[in-house]
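Structure assessment
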Amino acid sequence: MKYKLGMLAVLICLLSLAVSCNKQTSAAEDRNKVHVGIVFDIGGKDDRSFNAAAWQGVQRAAKDLPIVLRDIEPGTPNAIEPAMRAFAERNFDLIIGVGFAQAPIMELVAKDYPNIHFAIIDGVSQLPNVASLIFKEHEGSYLVGILAAKASRTGTIGFLGGMDIGLIHRFEKGYEEGAKSVNPNIRVIQNYVGVTDAAWNNPGKGKELSLAQISKGADVIFTAAGNSGLGAFDAVEQQGKQNGRATHFVIGVDSNQNMVKPGFVLTSMVKRVDNAVYNIVEEVVNGKFSPGLHVFGLDKDGVGYAMDENNKDIVSPEAIQEAEAAKQKIIAGPIKVTDAMGQ
């Protein structure tokens, strides 16, 4: 009984939050627009990575399309289900869940609200009212693995994962294969921050692990760890520069993170979560919602690596040429990048 009362209290609070979280017209008042609710994971929408990319996508949709947008940052895993139900109870047209961990929760909620559209990022559902937005992270990771191997002077590179799960193994394996396509003898040191949701939000631990990798010779570290990955940025910056060039580099993930520590970020493996989210909102607005798998790989520009003013003088033209050649071979089929999740 106490649990039910507690859940009810959380639901009431989130209902209130859903109303006040931005200044747009309330869902109850403006039914001529499509109402979109997005539930972030515990890293929050300002993680400069995965959640931030999703936030950019829905914000762009709010500017371009006739929608009313609401967002909730649950803070703890226990608040995710009440957040989704808060939107569902108010009859939102589309509810977006950010992150694989929300998939089983969305399954429960979507079954209870079969007339509402749902979309899960990085999760898979077979329900007829759920769209699964999936990315071929291993393909993009292969390309940044090439760039890492081309930039490494020690022959040792690092990989920092967040939660030790299959999805992040996909990043790790692709990265390793890309690096070894350049240097078959390259050493790849792998570490994970943890095995619970807290692994995404511990930059202190991320820095500690990155410094340990650096002490073992790693001079390029690819991080796929959410907020925890920001610790790797601090770790490479701490190593300083020689002759105006960083001695160690980090590779960002999901969003373009090249500007986080300019000069120390070799590149970023971008997942166009923003485009995927925008597309699913557009489908609902146009009355063309499509449930099931929506897969985004190199062929659809769903993944890739970021080049801009912050890293154009760090990555060599030769490295870019090699990465671009590999990209075409992956798209065409001659290069098969291992999918550690087997999908």
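Residues numbered from 1 in each chain as written. Predicted model: local features only at pLDDT ≥ 70, side-chain atom pairs only at ≥ 80, totals over all residues. Heavy atoms only, no water.

**Notes on the sheet that holds strand E1 (residues 34–39)**
The strands making up a sheet are joined through hydrogen bonds of the backbone, oriented either antiparallel or parallel. Judged by pairing direction, the sheet is parallel, and its six strands sit side by side in the order E2-E1-E3-E4-E5-E13 without closing on themselves. In this open sheet, the two edge strands, each paired with only one partner strand, are strand E2 (67–72) and strand E13 (292–296). Geometrically, the sheet is characterised by an average inter-axis angle of 20 degrees between neighbouring strands, direction not taken into account. Set on the sheet, helix H3 (residues 80–89) makes contact with E1, E2 and strand E3 (94–98); between it and E1 the angle comes to about 175 degrees. (Pairing = 2+ DSSP bridges. Helix = DSSP H or I, 4+ residues; strand = E, 2+ residues; numbered from the N terminus. Axes fitted to C-alpha atoms, helices over the stretch in contact; angles between N-to-C directions. Contact = heavy atoms within 4.5 Å.)

**Regarding the pairing of strand E4 (residues 117–121)**
Across the five residues of E4, four count as buried, placing the element largely inside the fold. Note that E3 and E4 share five bridges and pair parallel. From the neighbouring strand, Leu94 faces E4, where its bridge partner is His117. Summarising the sheet, E4 and strand E5 (residues 130–135) pair through four bridges and their orientation is parallel. Directly across from Ala119, in E5, lies its bridge partner Ala131. (Buried < 20%, exposed > 50% of the residue type's maximum accessible area, 1.4 Å probe, protein only.)

**Re the packing of aromatic side chains**
Under the criterion given, the structure shown has nine aromatic pairs. Seen from their ring centres, Phe40 and Trp55 are 5.8 Å apart, and the 75 degrees between their planes marks the pair as edge-to-face. A residue pair is termed long-range when its members are at least 10 positions apart, and Phe40 in the loop between E1 and helix H2 (50–64) and Trp55 in helix H2 qualify at 15 residues. Neither residue differs from the other here; Phe40 and Trp55 are each classed as buried. (Phe/Tyr/Trp six-rings, centres within 6.5 Å; stacked < 30°, edge-to-face > 60°.)

**Here we look at the environment of Asn243**
Structurally, Asn243 can be placed in the loop between strand E9 (241–242) and strand E10 (245–246). For the pair Asn243 and Met307, spaced 64 residues apart in sequence, the C-alpha separation works out to 22 Å.

**Notes on unusual backbone geometry**
One non-glycine residue with positive phi stands out, namely Asp122, at about 75 degrees. With respect to the secondary-structure elements, Asp122 resides in the loop between E4 and E5.

**Let's talk about helix H4 (residues 103–112)**
The complete set of buried residues in H4 reads Ala103, Ile105, Met106, Val109 and Ala110. Projection of H4 onto a plane perpendicular to its axis shows the buried side chains occupying an angular sector of 145 degrees, all on one side. Opposite the packed face of H4, turned more than 90 degrees from it, sit the exposed residues Pro104 and Lys111. Elements that come into contact with the buried residues of H4 comprise H3, E3, E4 and E5. (Arc of directions from axis to C-beta.)

**Overview of the pairing of strand E8 (residues 220–224)**
Among the five residues that make up E8, five are buried, leaving the element largely enclosed by the rest of the structure. Side-chain alternation along E8 places Val220, Phe222 and Ala224 on one buried face and Ile221 and Thr223 on a second face that is also buried. Strand direction decides the pairing type here: strand E6 (residues 156–163) and E8, joined by four bridges, are parallel. Paired with Leu160 across the strands is Thr223, a residue of E8.

**Some words on the packing of H3 against H4**
Interhelical geometry of H3 versus H4 gives an angle of 25 degrees and a closest axis separation of 10 Å. What the angle tells us is that H3 and H4 run roughly parallel. Relative to H4, the crossing made by H3 is right-handed. For the pair formed by H3 and H4, the contact residues are Ile80, Glu81, Met84, Arg85 and Ala88 on the first element and Ile105, Met106, Leu108, Val109 and Asp112 on the second. Class assignment for the residues of the contact of H3 with H4 results in seven nonpolar, no polar and three charged. (Parallel < 35°, antiparallel > 145°, perpendicular 65-115°, else oblique. Left-handed = near helix turned anticlockwise from the far one by under 90°. Nonpolar A, V, L, I, M, F, W, Y, C, P; charged D, E, K, R; others polar.)

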